[in-house]
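Commentary on secondary and tertiary structure
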Protein chains: 2
Amino acid sequence: MLLIKFKITFIYEMLFFIDKMKRKVTLKQIARELDVSISTVSKSLRNSPEISEDTRQKVQAFAKLYNYKPNNIALSLKNKRTKTIGIIIPEIVHHFFATVISGIEQVANENGYNVIVCLSDESFDKEVINMEMLANGSIDGFIMSLSKETQLKKDFHHIVEVINQGMPVVMFDRITNDVFCDKVIIDDQMAAYEAVDYLISKGFKKIALVTTVDYVSVGKLRTEGYLKALRDHNMPIEEEMIVKIEDIENCSVKIERLLDEQKPDAIFAVNELFAVTSIKLAAKMGVNVPEDLSVIGFTDGIISQFSTPSITTVSQNGIKMGGRAAKMLIDRLEMEEEDEHYRTEVIETHLVERESTPTL
Amino acid sequence: MLLIKFKITFIYEMLFFIDKMKRKVTLKQIARELDVSISTVSKSLRNSPEISEDTRQKVQAFAKLYNYKPNNIALSLKNKRTKTIGIIIPEIVHHFFATVISGIEQVANENGYNVIVCLSDESFDKEVINMEMLANGSIDGFIMSLSKETQLKKDFHHIVEVINQGMPVVMFDRITNDVFCDKVIIDDQMAAYEAVDYLISKGFKKIALVTTVDYVSVGKLRTEGYLKALRDHNMPIEEEMIVKIEDIENCSVKIERLLDEQKPDAIFAVNELFAVTSIKLAAKMGVNVPEDLSVIGFTDGIISQFSTPSITTVSQNGIKMGGRAAKMLIDRLEMEEEDEHYRTEVIETHLVERESTPTL
DNA sequence: TTTCAACACGCAAACGTTTTCGGTGGGTTG
DNA sequence: CAACCCACCGAAAACGTTTGCGTGTTGAAA
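Residues numbered from 1 in each chain as written. Chains lettered and ligands numbered in written order. Predicted model: local features only at pLDDT ≥ 70, side-chain atom pairs only at ≥ 80, totals over all residues.

So, helix α5 (residues 72–79) of chain B
All buried positions along α5 of chain B are accounted for by N72, I73 and S76 of chain B. Axial view of α5 of chain B: buried residues confined to an arc of 100 degrees, hence all on one face. In this structure, the buried residues of α5 of chain B make contact with α5 (72–79) of chain A. Immediately downstream of α5 of chain B, the backbone of K80 of chain B shows phi near 60 degrees, a positive value. (Buried ≥ 20, exposed ≤ 12 C-beta atoms within 10 Å, placed from the backbone. Helix = DSSP H or I, 4+ residues; strand = E, 2+ residues; numbered from the N terminus. Arc of directions from axis to C-beta. Contact = placed C-beta atoms within 7 Å.)

What about the interface of chain A and chain B?
With 42 residues of chain A in contact, the opposing surface of chain B contributes 42 residues. Among the secondary structure elements, those contributing two or more residues to the side of chain A that touches chain B are α5, α6 (95–110), β2 (114–119), α13 (272–284) and α14 (302–306) of chain A. Looking at side-chain class alone, the side of chain A that touches chain B contains 19 nonpolar, 17 polar and six charged residues. In terms of strand pairing, β2 of chain A meets strand β2 (residues 114–119) of chain B through three bridges, oriented antiparallel. Residue pairing for β2 of chain B: V117 of chain A is matched across the bridge by V115 of chain B. (Nonpolar A, V, L, I, M, F, W, Y, C, P; charged D, E, K, R; others polar. Pairing = 2+ DSSP bridges.)

Remarks on the protein's contact with DNA strand C
The immediate surroundings of DNA strand C are formed by 25 residues, with S39, T40 and S52 of chain A together with S39 and N71 of chain B found nearest. Within the residue set of the surface near DNA strand C, elements represented by two or more residues are α3 (38–45) and α5 of chain A together with α2 (27–34), α3 (38–45) and α5 of chain B. Among the residues forming the surface near DNA strand C, the class breakdown is ten nonpolar, nine polar and six charged. (Near = placed C-beta within 6 Å.)

Things to note about the sheet that holds strand β6 (residues 207–212) of chain A
All names here are of chain A. The strand order β7-β6-β8-β9-β10-β12 describes an open sheet built from six strands, whose pairing is mixed. Pairing within the sheet leaves two strands with one partner each, and these edge strands are β7 (242–245) and β12 (350–352). Sheet twist, expressed as the average angle between the axes of neighbouring strands with direction ignored, equals 20 degrees. Two elements, strand β10 (residues 312–315) and β12, share three bridges in a ladder whose sense is antiparallel. Directly across from V314, in β12, lies its bridge partner L351. (Axes fitted to C-alpha atoms, helices over the stretch in contact; angles between N-to-C directions.)

Observations concerning the protein's contact with DNA strand D
Surveying the vicinity of DNA strand D reveals 25 residues, the closest of which are S39 and N71 of chain A together with S37, S39 and T40 of chain B. Put simply, the parts of the chain that give the surface near DNA strand D at least two residues each are α2 (27–34), α3 and α5 of chain A together with α3 and α5 of chain B. When its residues are assigned to classes, the surface near DNA strand D shows ten nonpolar, nine polar and six charged.

Some thoughts on the environment of T299 of chain B
Residue and element names in this part refer to chain B. Counting through the fold element by element, T299 comes out in the loop between β9 (294–298) and α14 (302–306). Using a count of 26 C-beta atoms within 10 Å as the deciding quantity, one classes T299 as buried. With 204 residues separating them along the chain, T299 and H95 place their C-alpha atoms 9.0 Å apart. When sequence neighbours within four positions are dropped, the list of residues in contact with T299 reads F96, N271, E272, T313 and Q316.

Comments concerning the relation of the copies chain A and chain B
Look at the two chain copies: a rotation about an axis and a shift along it is all it takes to match them. The operation relating chain A to chain B is a screw motion whose rotation component is 180 degrees, with 0.0 Å of axial translation and a residual RMSD of 0.1 Å. The superposition of one copy onto the other is thereby described by a two-fold rotation axis. Here 100% of the contact residues of chain A are again contact residues in chain B; the copies associate through an equivalent surface. (Least-squares fit on C-alpha atoms with pLDDT ≥ 70 in both.)

Points about the pairing of strand β7 (residues 242–245) of chain B
Residues and elements named next belong to chain B. Burial along β7 is one-sided: the residues V243 and I245 are buried and none of I242 and K244 is. Here strand β6 (residues 207–212) runs beside β7; their pairing, made up of four bridges, is parallel. Residue pairing in the sheet places V210 in a bridge with V243 of β7. One crossover worth recording links β6 to the parallel β7 by way of helix α11 (residues 217–232), and it is right-handed. (Right-handed = clockwise from strand over helix to strand, strands pointing away.)

Quick word on the sheet that holds β2 of chain B
Ordered by their spatial adjacency, twelve strands build an open sheet running β11(A)-β5(A)-β4(A)-β3(A)-β1(A)-β2(A)-β2(B)-β1(B)-β3(B)-β4(B)-β5(B)-β11(B), and the pairing between neighbours is mixed. Both edges of this open sheet fall to β11 (344–347) of chain A together with β11 (344–347) of chain B, since each of them pairs with a single strand only. Shown here is a sheet whose adjacent strand axes are inclined to one another by a mean of 20 degrees, direction ignored. In the sheet, strand β1 (residues 84–89) of chain A pairs with strand β3 (residues 141–144) of chain A via four bridges, with the strands oriented parallel. Directly across from I88 of chain A, in β3 of chain A, lies its bridge partner M144 of chain A. Packing of helix α7 (residues 124–135) of chain A onto the sheet brings it into contact with β1 and β2 of chain A together with β2 of chain B, and relative to β1 of chain A it is tilted by some 175 degrees.

Considerations on the nonpolar core
Grouped together as the largest cluster of nonpolar side chains are 170 residues, with contacts concentrated most on I87, I143 and V170 of chain A together with I87, I143 and V170 of chain B. Apart from the residues lying within four places of it in its own chain, the contact partners of I143 of chain A are I85, I87, I104, V170, F172, A325, A326 and L329 of chain A. (Core = buried A, V, L, I, M, F, W, Y, C linked by C-beta atoms within 7 Å.)

Some thoughts on the confidence of the model for chain A
In the predicted model, chain A carries a mean pLDDT of 92, and 94% of its residues have values of at least 70. Predicted confidence is poor over residues 16–20 of chain A, with pLDDT under 50, and the contacts of this stretch with residues over four places away or in other chains come to two contacts. (pLDDT = per-residue confidence, 0-100.)

Okay, structure coming up:
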């Protein structure tokens, strides 16, 4: 009889030992093992003065031995907050978005938050699905940049809904003025203006624009900056000098035609890809950059730095942008009284002069 | 009295209306409103045959009206699984890692999983902290690539611990053989071998190697591939033709010295950055690629595609790598009996021929 | 000896689900 | 009329926490 009792205890100990090695240990298990209540264990671990020095020590030692860590999910359920931020962006294989994530992750981490990343692939439906997935308790707030399709459809009901449910949203870069929330952007129009102004000041007369279709918010703004710069300097605006590219995959044809027919002496491109493509096409046609043609791009990414010649470009600091967005979101999450007053932060840009524009 | 009663009801209705617009509605609220029990509501929504057609309809209509969605956190707690995957990588502003995440996210999404991303910044401590944060119930499994510091210290206790707790881990690219788990890699040595073999077959005699320090696992393997290729073709291995770069920020000096003193006729670089830097430095010294010098890089990223000349490189398909890793993890998560047999998948690579090597 | 505070701890509710089990009422059958 | 079955529904436990409150014990003061 004693033997059986011993055996059972022994087996139980063994099981618990295995349990220690595997699976996580819970308050309940510690409580059972130490023959105290769950609340005593919990309070001991949180150094509550309610518990005697003695048992507190004992519990803490045991907890340390078994490497107890409170279960995040249970905490989330109790506290009604998950300490994680949802990020929804069009794509991640894109230097700018990667830098933004990096910036978000950094300040999120500093504040004890995690980030969960969803990609919309520029699709409206995926954006909606992802938001709905995350909105059901998985996260405390969103940081997002709109997909192209969403910008085209101008349908923001999913975002408004989430906001109405009391979940804060911060939009960055590709934003819309149709929803009220915090935003962080660059002054796309101003930045484009300055770039074109720079070209004009260098004496260029035939400045072409390679841009996106208008429904892409940032593309449109940069286009407006280009137009404004020309107007302010009383320079003619010619439709033929402007190419709007819909399908980024084969932008070559249109750019080639531009170079061939218009023979611009400078090009302002609204992104890196258009800039480098222009340079490569020009080279193929015997037009040298920067001797025969100057090029300014947008976004200071890998391409601008490493292409030959390296590309003068408008830098938009993704790290800082992401950091600010995260800061805004966390601030809003951690203030007690709700603030209906939304802010829009503007990140400063500057022109990075490189080899694709004349040095003097 | 009636008035008061009315007023109270009215206020209550108002509050509930506000509640509908804001915050999420729970089973309990629906139950209270419809004057049934919580379980009836739950069963109705899951179409349990236990519930009469009548009440089921009623509940479902009400739920739809108030846009009820079950709370993910509560589900996670109950089901003991979160349906999210934790990703830990050294950095995200890096084309290859971005593509891997993209691949993971895609198949994760297809299987109803989310991904939560943590960056180690090549730091051992951050890697450990991130793993511990996520291991406490936030995720179901890890997909990770080791930080440089971790590879240097050879300290993998945090990974082993997590695995012992019963949480599956899949490692990719920068792996270690000291931990037993699923892995997905490319055959770095073989791929490097083929690249160098290609150069040899083109008749190059002075083939230099620009690589990383040895503790970076993939760098070491690629170095071995280079050495093996030379040996197999009975070509001399000269220490001076091999530069091992510690600090990626200023790799220029060492490469410049190599070009200047050794005058190689071909270079095999173990990543894009070393390749493009070599080309740029060569150009500065009046050495033209590919006429005077051939260059082959590793990883088919943005730089290789858009640099001038574009760079012949070993493509390692990050999308596929991420996809496979996610598949392996999810398979392991969703099989009932535990399988102690770990697999290592090898993703095929191939040489992408571009302008930095002779075309004929 | 009585009273009362301080101390140490346990109970139970709460967060939002799912699911098992048990119960009630009405109808059918022997 | 009793026994039984079935359709329908609710209570409660469980997941792992935290925390307000109740309670029992002890020691000291009155």
